[in-house]
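One letter stands for each residue in the lines below.
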Protein chains: 2
Amino acid sequence: MSHLVGNAVVGQAGGPTAVINQSLIGVIQETQKHSHIQRLLGARHGVRGVINEEFYDLMRQPDNMLELVAQTPAAALGATRDKPDEEYCERILNTFKKYDVRYFFYIGGNDSAQTAQIINRLATNAKYDLRVIHIPKTIDNDLLVTDHCPGYGSAAKFVASAFIGDNLDNRALKGVKINILMGRDAGFLTAASILARQRPDDGPHLVYLPERPFGIDRFIKDVEETHNQFGRCLVAISEGIRDDHGIPWAEKVQVMRKEGMERDDFGNVQLSAGAGSLADYLSAEIRGRCRTIRRVRADTFGYLQRSFPGFYSEQDAWEARLVGQMAVSYSLAAEHDGSVALIRLPSTTYAVGTKLVALQEVAPSKPPFTKVLQDEYINSAGNNVLNNFREYVGPLVGDLPKIGWFEQIAQGPLA
Amino acid sequence: MSHLVGNAVVGQAGGPTAVINQSLIGVIQETQKHSHIQRLLGARHGVRGVINEEFYDLMRQPDNMLELVAQTPAAALGATRDKPDEEYCERILNTFKKYDVRYFFYIGGNDSAQTAQIINRLATNAKYDLRVIHIPKTIDNDLLVTDHCPGYGSAAKFVASAFIGDNLDNRALKGVKINILMGRDAGFLTAASILARQRPDDGPHLVYLPERPFGIDRFIKDVEETHNQFGRCLVAISEGIRDDHGIPWAEKVQVMRKEGMERDDFGNVQLSAGAGSLADYLSAEIRGRCRTIRRVRADTFGYLQRSFPGFYSEQDAWEARLVGQMAVSYSLAAEHDGSVALIRLPSTTYAVGTKLVALQEVAPSKPPFTKVLQDEYINSAGNNVLNNFREYVGPLVGDLPKIGWFEQIAQGPLA
């Protein structure tokens, strides 16, 4: 089979992750093995760099720096939240024609899979031979089809570690501690906090996800009951929690505050802009309505979850590199375009493979558009995550920091 | 010289740090070498555990667990924010008498040094032979006399690493990012963020400290100018920033929000309770008043700065262990009580020693009560920290995670 000869463009989109550059370096490495991809251009800030014709020549970047970049969080090429419409994609295609680009690798979430679809369709209509491969990336783990998403394991490791620490802190100086975590539509990242539980009274004691309606009265009651039982309470909450009608609480709180809401090009309220308000609101409610609770704190970890240097899951890093490499292999072997998906092999010891799936499966035109945490992992009250979730997330996270504590060895006061 | 024979009590107070248990294990280890300290009792939740007679028998804790506890963040004995008055301290002394306690080691900040002073005075008045040694601990680094404080180096390492990551993230998806950091009266921790600067345009671009008055109009102007210059802006702000009259902004914001303010026993407004409001307020001001700035985020790292497991400065950990050990040595050698202070030896290569200083020097009855960042480290505009600060903080932090980036090797579009 003769391969399509030409240049390639790779870009990164959406929110950065700890391992997004592993995928990029995977593309670079694999490309260098094949002579029919002549130049590999790295688009600066995703598709925006394509239309502005701003690139890095990735074949000229030295190996020492490539390996360092691989371990560096946040998109080394820069990323974008642009959502190209048809006109924008025509401009992308024009740039591709100008530079004889025949391979386009786009590392991102489901929004970039949509972009990839449009470009693919326009190229086909224009009878321009172009191989478009989408490479999965997100900390939310809400991409369809793939068992899990590169970027998730490392963010989950961060969240779990942070909760180990917060749990110790919460034991040392008792009170109510609330952490607002990233997760617009899916609670996978928030659910990973349960890996912090070691001792029977460890937190997080309560876990609230976008998958279950959140009510402020029930929340207050849950916190009070927990605080009565343990003298303290540690809570994990997705920034995407919503009420009975599906309205995100971050929006409701901002409306209460009469603040302007920030939206991105996808029409999504920038939840992270509202996470601080949400944290503020929830702690104020507890403080105001729970007379027995004197100490309440709420934190938004913010971007630390996705860009804390030197901190990532080895398995996640390996898989992120793999999907980048496989994207190139598929682009040369397959006669069609698609998105690289990870498959968890059915075995007792964790093992993973990949497959190429149609772009329409990853970015469909009708809902559901994203994956959500499965019912089997959520308790019936909708305020906690069950321990079976450890089987799913454990191998993605890998080792967590080890901690120690004192045991009460003798009974009663000592003298 | 004959040593005072009896039991010992060790306690931990105030906010936990990443290395507070290093000091504790230092006390345990050193105590085991001296037969005239018969039992070592660990008070649960500081002095509160003393009056409630709730202890761990620390001589019975297994070595494997001791080493693991040493590396574990947050007070393994539990901590307290109680501020004992004379009556409370009389109760403490009564418990000491009951258990024949002749040595009291208290690991904490300047509030616990005050507590140690009171107990010391009461014991002297009662003619009860008691050796009281205060062991320094704080992430703020604001303790008087000592060159720097155990706990600070690790928190500074966390902050610097977080800013490395946030800087990369801010480059990838440009906008304004504000991080609110711990630091009630002193800007040492916030200042450590400058270690993240590597490339000339790296952030933090602006650094605001409690040591300089903060005005919202000047802040907006600073951010706009930076954003115009770099297309982005990364800001480090102490939670303890105050206005021209010395009023903490976290308080002003909470008053604006008409929320109840949370105070601790020391009468301090719980700034961390207001940090979320402050983050919220500042980002809303930018969003509302800067028409060219579309993306603003503010985060409070919260307790991660002091309890992220597996993440600490080796030098800080070593020094924290040292001051714990030295406390015991001083208690046996000296005829007086005091606080262990670290001395930076005057040499070109960083080296440290200790000395015992009078409790009144660490916790005086007249201001200043805390140390603040020296003028030589702050720029004249009061919105940045100078590079000479690296000499002070660099050795305390040690190695930071390494990152990589692409260089623009060729000029112009590539084809």
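Everything that follows concerns the structure shown earlier in this document.
An account of the accompanying structure is given in this report. (Residues numbered from 1 in each chain as written. Chains lettered and ligands numbered in written order. Predicted model: local features only at pLDDT ≥ 70, side-chain atom pairs only at ≥ 80, totals over all residues. Heavy atoms only, no water.)

Looking at the overall build of chain A
We count it as follows: Numbering of helices and strands starts at the N terminus; helices are DSSP runs of H or I of at least 4 residues and strands are runs of E of at least 2. We compute the radius of gyration from the C-alpha atoms alone; for a globule the expected value is 2.2 Å times N to the 0.38, where N is the number of residues. Each residue's exposure class comes from its accessible area (1.4 Å probe, protein chains only) as a fraction of the maximum for that residue type: buried when under 20%, exposed when over 50%, partly exposed otherwise. By the convention used here, residues are in contact when the closest approach between their heavy atoms is within 4.5 Å.
Summing up its helical and strand segments, chain A has 14 helices and 11 strands in all. Computed over the C-alpha atoms, the radius of gyration of chain A is 23 Å, within 12% of the 22 Å expected from 2.2 N^0.38 for a compact globule of 415 residues. Oriented by its inertia axes, the alpha-carbon framework of chain A measures out at about 80 × 50 × 35 Å. Of all 415 residues assigned to chain A, the portion counted as buried reaches 65%. Contacts in chain A between residues at least 24 apart in sequence constitute 76% of all its contacts with a sequence separation of at least 6.

Some thoughts on the relation of the copies chain B and chain A
Note the following rule: Alignment of the copies relies on least squares applied to C-alpha atoms, considering only residues that score at least 70 for pLDDT in both.
With an RMSD of 0.0 Å, the operation that places chain B on chain A is a rotation of 180 degrees combined with a shift of 0.0 Å along the axis. Within this description, the copies of the chain are treated as partners about a two-fold rotation axis. When the interface residues of chain B are mapped onto chain A, 100% of them again lie at the interface, so the same face is used by both copies.

A few points about the sheet that holds strand β4 (residues 101-108) of chain B
Strand pairing in a sheet relies on backbone hydrogen bonds. The paired strands run either parallel or antiparallel. All names here are of chain B. We apply this condition: Only when DSSP finds a minimum of two bridges between them are two strands counted as paired. A fitted line through C-alpha atoms represents every axis, and for helices the fit uses only the stretch in contact; the resulting angles, taken between N-to-C directions, go from 0 to 180 degrees.
Across the sheet, which stays open at both edges, the 7 strands sit in the order β3-β2-β1-β4-β5-β10-β11 with mixed pairing between neighbours. A single partner strand is all that each edge strand has here, and the edge strands are β3 (55-57) and β11 (352-357). The sheet shows a mean angle of 25 degrees between the axes of neighbouring strands, direction not considered. Bridge count between β4 and strand β5 (residues 131-136): 6 bridges; the pairing is parallel.

Section: the nonpolar core
Heads up, the condition is: Here, nonpolar core means buried Ala, Val, Leu, Ile, Met, Phe, Trp, Tyr and Cys residues that are tied together by side-chain atoms lying within 4.5 Å of each other.
Counting 84 residues, the largest nonpolar core has A:Y152, A:F389, B:Y152 and B:F389 as its most contacted members. Taken together, the elements giving at least two residues each to this core come down to α6 (152-172), α7 (188-191), β8 (233-238) and α14 (389-397) of chain A together with α6 (152-172), α7 (188-191), β8 (233-238) and α14 (389-397) of chain B. Beyond its immediate stretch of four places on either side in the chain, B:Y152 contacts B:T138, B:I139, B:D140, B:N141, B:F188, B:L189, B:A192, B:D316, B:F389, B:Y392, B:V393 and B:L396.

Concerning helix α5 (residues 110-125) of chain A
Residue and element names in this part refer to chain A. Quick note on the threshold: Expected helix span is computed as 1.5 Å times (number of residues minus one).
Compared with an ideal rise of 1.5 Å per residue, which puts 16 residues at 22 Å, α5 spans 23 Å between its outermost C-alpha atoms and is within 8% of the ideal. Of the surrounding elements, those touching the buried residues of α5 are α2 (47-51), α4 (86-98), β4 (101-108), β5 (131-136) and α13 (359-362). In the stretch just after α5, K127 is the one whose phi turns positive, near 55 degrees.

Some details on the sheet that holds strand β3 (residues 55-57) of chain A
Residues and elements named next belong to chain A. Spatially, the 7 strands line up as an open sheet ordered β3-β2-β1-β4-β5-β10-β11, and their pairing is mixed. Taken across any chain shown, the strands that pair with only one partner, and hence form the sheet edges, are β3 and β11 (352-357). The average undirected angle you get between the axes of adjacent strands in this sheet is 25 degrees. As paired strands, strand β1 (residues 6-12) and β4 are joined by 6 bridges and run parallel to one another. In the sheet register, Q12 faces β4, and the bridge partner there is I107.

A word on the packing of aromatic side chains
Spelled out, the test is: Each Phe, Tyr or Trp ring, with Trp reduced to its six-membered ring, pairs with another whose centre is within 6.5 Å; inter-plane angles below 30 degrees give stacked pairs, above 60 give edge-to-face pairs, and intermediate values give tilted ones.
Within this structure, the stated rule accounts for 41 aromatic pairs over all chains. Taking the centre distance of 5.6 Å and the plane angle of 50 degrees together, the rings of A:Y56 and B:F406 count as tilted. With one member in each of two chains, A:Y56 in strand β3 and B:F406 in the segment after α14 form a pair that bridges those chains. An identical accessibility class is assigned to A:Y56 and B:F406; each is buried. Note on A:F96 and A:F104: the rings are 5.1 Å apart at their centroids and 55 degrees apart in plane angle, and the pair reads as tilted. A residue is classified by how much of its surface remains accessible, and A:F96, at 1% relative accessible area, is buried.

Topic: the interface of chain B and chain A
Much of the literature gives interface size as the accessible area that the parts lose upon coming together. Worth spelling out the cut-off: Whenever a carboxyl oxygen of Asp or Glu lies within 4 Å of a side-chain nitrogen of Lys or Arg, that contact is scored as a salt bridge. The term polar contact refers here to a pair of N or O atoms within 3.5 Å; inside protein, the definition further demands a hydrogen-donor-capable atom paired with an acceptor-capable atom, and it admits residues adjacent in sequence only when both atoms are side-chain atoms. Charged means Asp, Glu, Lys or Arg here, nonpolar means Ala, Val, Leu, Ile, Met, Phe, Trp, Tyr, Cys or Pro, and polar covers whatever is left, Gly included.
With 89 residues of chain B in contact, the opposing surface of chain A contributes 89 residues. Residues A:D169 and B:R306 are paired through a salt bridge, measuring 2.9 Å at the closest nitrogen-oxygen approach. Joining chain B to chain A, the criterion identifies 14 residue pairs in polar contact (both at pLDDT 80 or more). Listing elements by their share of the side of chain B that touches chain A, those giving two or more residues are α1 (20-31), β2 (37-43), β3, α3 (63-70), α6, α10 (271-289), β9 (296-300) and α11 (304-307) of chain B. With 10 residues, the single largest contributor to the side of chain B that touches chain A is α6(B). Among the residues making up the side of chain B that touches chain A, the classes are represented as 44 nonpolar, 20 polar and 25 charged.

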